[in-house]
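# What the coordinates show
Chain by chain, the residues:
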Amino acid sequence: MSTKKNTIALFLIFSLFFIWAISSNLLPTMIRQLMKTFELSAFQASLTEAAYWIAYFIFPIPVAMFMKRYSYKAGIVMGLLIAAFGGLLFFPAAAIQQYWAYLCIFLS
């Protein structure tokens, strides 16, 4: 029973890494589209990628504290909820059509 439970958990973790890798690989496509839509310079477009990767610099310590207090499972669920929330924020950002709104989304 324990082996089957561990296999399912391992499969779910691999699936999560795959899903997060997809979002990371969509970034260059998103940057090209933002450059066209908002007529951005190369420097301004690089801010989009910087905002995405700055989140990896800012959030590890708070996430580690959260996971230490609760559990790694709660950390995974929280990460998924934050990613889903960030994805849903694209709808209002598209409605207001402001570049700063997209930069804020990439921080989530």
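In what follows, the structure referred to is the one given above.
## So, unusual backbone geometry
- A positive phi angle is found at Glu 39, which is not glycine, with a value near 50°.
- Even without a glycine there, the phi angle at Gln 97 is positive, about 50°.
- Its location among the elements puts Gln 97 in the loop between α6 (90–96) and α7 (99–106).
- A residue is classified by how much of its surface remains accessible, and Gln 97, at 57% relative accessible area, is exposed.

## Details of a nonpolar patch on the surface
- On the surface, Ile 54, Phe 57, Ile 58, Phe 59, Val 63, Met 67, Tyr 72 and Leu 107 cluster together to form a nonpolar patch covering roughly 760 Å² of accessible area.
- For Val 63, the position within the fold is in helix α4 (residues 60–69).
- Judged by its relative accessible area of 37%, Val 63 is partly exposed.

Quick notes on the rules
Residues numbered from 1 in each chain as written. Predicted model: local features only at pLDDT ≥ 70, side-chain atom pairs only at ≥ 80, totals over all residues. Heavy atoms only, no water. Helix = DSSP H or I, 4+ residues; strand = E, 2+ residues; numbered from the N terminus. Buried < 20%, exposed > 50% of the residue type's maximum accessible area, 1.4 Å probe, protein only. Patch = residues over 30% accessible without salt bridge, like charges linked within 9 Å, V, L, I, M, F, W, Y side chains within 5 Å. Areas by Shrake-Rupley, 256 points an atom, 1.4 Å probe, with all protein chains shown as cover. Salt bridge = Lys/Arg side-chain N within 4 Å of Asp/Glu carboxyl O.

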